[in-house]
Every structure is written in structure tokens, then in C-alpha cells.
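Chain by chain, the residues run as shown.
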Amino acid sequence: MTGVPAAATGGPGAKPVRGGKLGTAAVNQASLWNIANILTMVRLLLVPGFVLLLFHNGGYDPAWRSFAWAAFAIAMITDLFDGHLARTYNLVTDFGKIADPIADKAIMGAALISLSILGDLPWWITGVILARELGITLMRFWVIRHAVIPASRGGKLKTLAQGTAAGMYVLMLTGPLATLRFWVMMVAVVLTVVTGLDYVRQAVVLRRRSLAAERAAAGRTTEALQEAAGSPGAAGGSGAGGASGVAGGAAGGVSSGMGGAAGGSGVGVTDADAGVTGVGVTGSTAGLPGGPAPTGPAVSARDGAEAER
């Protein structure tokens, strides 16, 4: 027993505090199984179901093709709603960021490849669309360290055109509708190529700007470090010069006293680099006029001479 109520420890009796924040575990647990992620998982599960329905009974049964179209339409509709719900209700999760684009590419890729296998859609159309989608996805990962490329209006229109055209090809249409679906697919191909080139341009521009900003920030950091390193150095140099001058003055005083005792004098000579240093100059038994008073051994020698007199 800790003496702490269950509500305070996050136990069964815990109640959310108004204006408070949920713990990390609670947020992760609640966010994983939200409606947006559930729709994404449903779309992933619809991919194999769609393929089975499309190829059932040889792949040319109008009834089964209609069932396949229904599965494809549900998958495309969930693609429209899961992202909107995630952004509107703050349900964005790491799982959703990874699973959502995978589900989008999976359902569209399955439809295009299956239709090309059945001979309903030329392979070059499938190749152009899939190459663009794969290339743009890899490019997003290439520039993700510098910037995030947002989805443009043209990109959303491209997705709508691709979904509409692929859905029309899933249905076994004839006559004018078959001609219409071809031109809708051509519009989707044009939008696919144009928006792909625009994404490449955006990626190059964003990467250049990011690198330029990083270089500018590195330059400012280097200048700041140089300034910070220069200020202590100057202060240290001044302190060293002062210490040298003090030491030189002390040495000059001691040398002067010893020179007075030995028949010389201590003369202070100024040195521009080291401050003031003491230099012993041989002279008379008395120090030079105006020189410093003898100290230490010099005092004892003088006292002895006076006692003899």
C-alpha cells in the first residue's frame, strides 16, 4: 500500500483532469486504434480481396468485375476519409504515416498491374504511373531531413483522376464509355508526369535552401566561437605581462641589495617584453646614489663595520 489513491496513479479509478495531459502510454494506446488507422488497415485488407475478385472466373466475368470495382471504390473512399479524420481530430500516428502511403500505392498498383495482366490496360501506362509513384516516394525520403514536401492540389487531382480511370477500367465498359475511360486515363497520365516533375523541382529548391541555411548557421557559430576564444586569450596575455613585470621588479630589488653588499649596485632596467628585471652592475662599495636601500646581508655587513669603528 502506497497510500496514494488509484485515481492519482492512473489506476482503474483514474479520471482525466480538466486541462491536463494524458500519459505517454495512454496516448499511444488510444491513438493506435483510432478511426483513421482502422480505415487504413481496412484499405490494406481490401487489396488482396480486390485482386481475388478481379481474377475470379478468368477475370472476364462482368458480375465479379463489378464486385471488384466495389472493393476498389471502398478502398479509394477510405483513402479520402482517413487522412482528413487524422488531421481534423489530431489522430496522426507513426503507424498511420507509414501505413497510409503504403495502402495508397498498394491498391493503385494492384489495380494497374492486374488490368495490364488481363490485357485491358497497356503496360506502358502502368510503368509510367508506378515509376512516378515509386520515384516520388523515394525522393520524399531523400529530402525529409531538409524539409517535408506537402501534397499539392495537382497531386490530389492526379490521385482522383487515377482512381476514376482505374475504376472505369475495372468495369467492363463498352462503346462510348470505353472511349471515355481511355481519355480519362490519358488525363491521369499527364497529371502524373506533370505533378511528378513539379515535386522534383520543389525537392531541389527546398534542399538548396536548407543547405544554404545550414551553412549560414555554421558560419555564425564559427564566428561566435572565434570571438569567445579570442576574448579570454587577450585577458590571459595581459595578466601574464603584469605577472612578468611584478616578478621582474622583485628580482631587481633583490639584485640591488646583493650588489650593495658585494661592492656593486642593483640597477632596474626596463624591458618592454618582460616588464622590469634586476641587473647587477659592478661599482663602488656603496650603491649608486638614489639606489634602493640595502637589505638582507647588506644590513649585517654595515652594522659590523660600525661596531669596529
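Please read all numbers here as calculations on a predicted model, not as lab measurements. (Residues numbered from 1 in each chain as written. Predicted model: local features only at pLDDT ≥ 70, side-chain atom pairs only at ≥ 80, totals over all residues. Heavy atoms only, no water.)

**Let's talk about the overall build of the chain**
Step number 1: For the chain, the count of helices and strands is eight helices and two strands.
Step number 2: Helices and strands in the chain line up, N terminus first, as α-α-α-α-α-α-α-β-β-α.
Step number 3: When burial is assessed residue by residue, the chain has 29% of its 309 residues classed as buried.
Step number 4: Taking all contacts inside the chain whose residues are at least 6 apart in sequence as the whole, residues at least 24 apart take part in 67%.
Step number 5: For the chain, the exposed area adds up to about 19,200 Å²; of that, 68% sits on carbon and sulfur atoms. (Helix = DSSP H or I, 4+ residues; strand = E, 2+ residues; numbered from the N terminus. Buried < 20%, exposed > 50% of the residue type's maximum accessible area, 1.4 Å probe, protein only. Contact = heavy atoms within 4.5 Å. Areas by Shrake-Rupley, 256 points an atom, 1.4 Å probe, with all protein chains shown as cover.)

**What to know about the nonpolar core**
Soluble globular proteins tend to pack their nonpolar side chains together in the buried interior.
Step number 1: Of all hydrophobic cores here, the largest spans 29 residues; its most connected members are Phe-50, Phe-72, Ile-107, Leu-121, Ile-125 and Met-185.
Step number 2: Only helix H2 (35-55), helix H3 (62-88), helix H4 (94-118), helix H5 (123-143), helix H6 (153-170) and helix H7 (176-261) provide two or more residues apiece to this core.
Step number 3: Among the nonpolar cores identified, the runner-up in size contains six residues, and Ile-136, Met-139, Val-143 and Tyr-199 belong to it. (Core = buried A, V, L, I, M, F, W, Y, C linked by side-chain atoms within 4.5 Å.)

**Some words on the pattern of salt bridges**
Step number 1: Taken as a whole and judged by the stated rule, the model has nine salt bridges.
Step number 2: As a salt-bridge pair, Asp-100 and Arg-43 come within 2.7 Å of each other at their nearest N and O atoms. Of this pair, Asp-100 sits in helix H4 while Arg-43 sits in helix H2, placing them 57 residues apart in sequence.
Step number 3: Here Lys-105 and Glu-133 are joined by a salt bridge, their closest N and O atoms 3.9 Å apart. Of this pair, Lys-105 sits in helix H4 while Glu-133 is found in helix H5, placing the two residues 28 residues apart along the sequence.
Step number 4: Residue Lys-105 is classed as partly exposed on the basis of its relative accessible area of 33%.
Step number 5: Looking at Glu-133, the relative accessible area reads 10%, which means it is buried.
Step number 6: Connected through shared salt-bridge partners, Arg-43, Asp-79, Asp-82, Asp-100 and Asp-104 make up one network. (Salt bridge = Lys/Arg side-chain N within 4 Å of Asp/Glu carboxyl O.)

**So, the packing of H2 against H3**
Step number 1: At a closest axis distance of 9 Å, the pairing of H2 and H3 adopts a crossing angle of 160°. As the angle between them shows, H2 and H3 are arranged roughly antiparallel. As for how H2 packs across H3, the hand of that crossing is left-handed.
Step number 2: Tallied by class, residues from the contact of H2 with H3 come to 17 nonpolar, two polar and four charged. (Axes fitted to C-alpha atoms, helices over the stretch in contact; angles between N-to-C directions. Parallel < 35°, antiparallel > 145°, perpendicular 65-115°, else oblique. Left-handed = near helix turned anticlockwise from the far one by under 90°. Nonpolar A, V, L, I, M, F, W, Y, C, P; charged D, E, K, R; others polar.)

**Observations regarding H3**
Step number 1: Along its 27 residues, H3 runs 39 Å from first to last C-alpha, staying within 8% of the 39 Å computed at 1.5 Å per residue.
Step number 2: Structurally, the start of H3 carries an N-cap: the backbone nitrogen of Ala-63 is 3.0 Å from a side-chain oxygen of Asp-61.
Step number 3: Following H3 by one or two positions, Asn-90 has its phi on the positive side, about 55°. (Expected span 1.5 Å × (residues − 1). Polar contact = N/O pair within 3.5 Å; in protein donor to acceptor, adjacent residues only side chain to side chain.)

**Comments concerning unusual backbone geometry**
Step number 1: The phi torsion at Asn-57 lies on the positive side, around 60°, for a residue other than glycine.
Step number 2: Mapping Asn-57 onto the fold places it in the loop between H2 and H3.

**Here we look at a nonpolar patch on the surface**
Step number 1: On the surface, Leu-32, Trp-33, Ile-35, Ile-38, Val-42 and Phe-95 cluster together into a nonpolar patch covering about 530 Å² of accessible area.
Step number 2: Counting residues per element, the nonpolar patch draws most heavily on H2, at three residues.
Step number 3: For Trp-33, the location among the structural elements is in the loop between helix H1 (24-32) and H2.
Step number 4: What makes Trp-33 exposed here is its relative accessible area of 59%. (Patch = residues over 30% accessible without salt bridge, like charges linked within 9 Å, V, L, I, M, F, W, Y side chains within 5 Å.)

**Quick word on the confidence of the model for the chain**
Step number 1: Summarising the model, the chain shows a mean pLDDT of 72, and 63% of its residues fall at 70 or more.
Step number 2: No element of the chain has a lower mean pLDDT than strand S1 (residues 264-271), which averages 37, and none a higher one than H2, which averages 93.
Step number 3: Across residues 1-30 the pLDDT falls below 50, and counting only partners more than four positions away or on other chains, this stretch makes seven contacts in the model.
Step number 4: The low-confidence segment residues 233-309 (pLDDT under 50) makes 53 contacts with residues lying over four places distant or belonging to another chain. (pLDDT = per-residue confidence, 0-100.)

**Section: the side chain of Asp-79**
Step number 1: Tracing the backbone through its elements, the reader meets Asp-79 in helix H3.
Step number 2: Residue classification places Asp-79 among the buried positions, given a relative accessible area of 16%.
Step number 3: The residues contacting Asp-79, other than those within four sequence positions of it, are Arg-43, Asp-100, Asp-104 and Thr-159.

**Here's the deal with the packing of H2 against H4**
Step number 1: Relative to each other, H2 and H4 sit at 15°, their axes nearing to 9 Å. Considered as vectors, H2 and H4 are oriented roughly parallel to each other. The handedness of the crossing between H2 and H4 comes out as left-handed.

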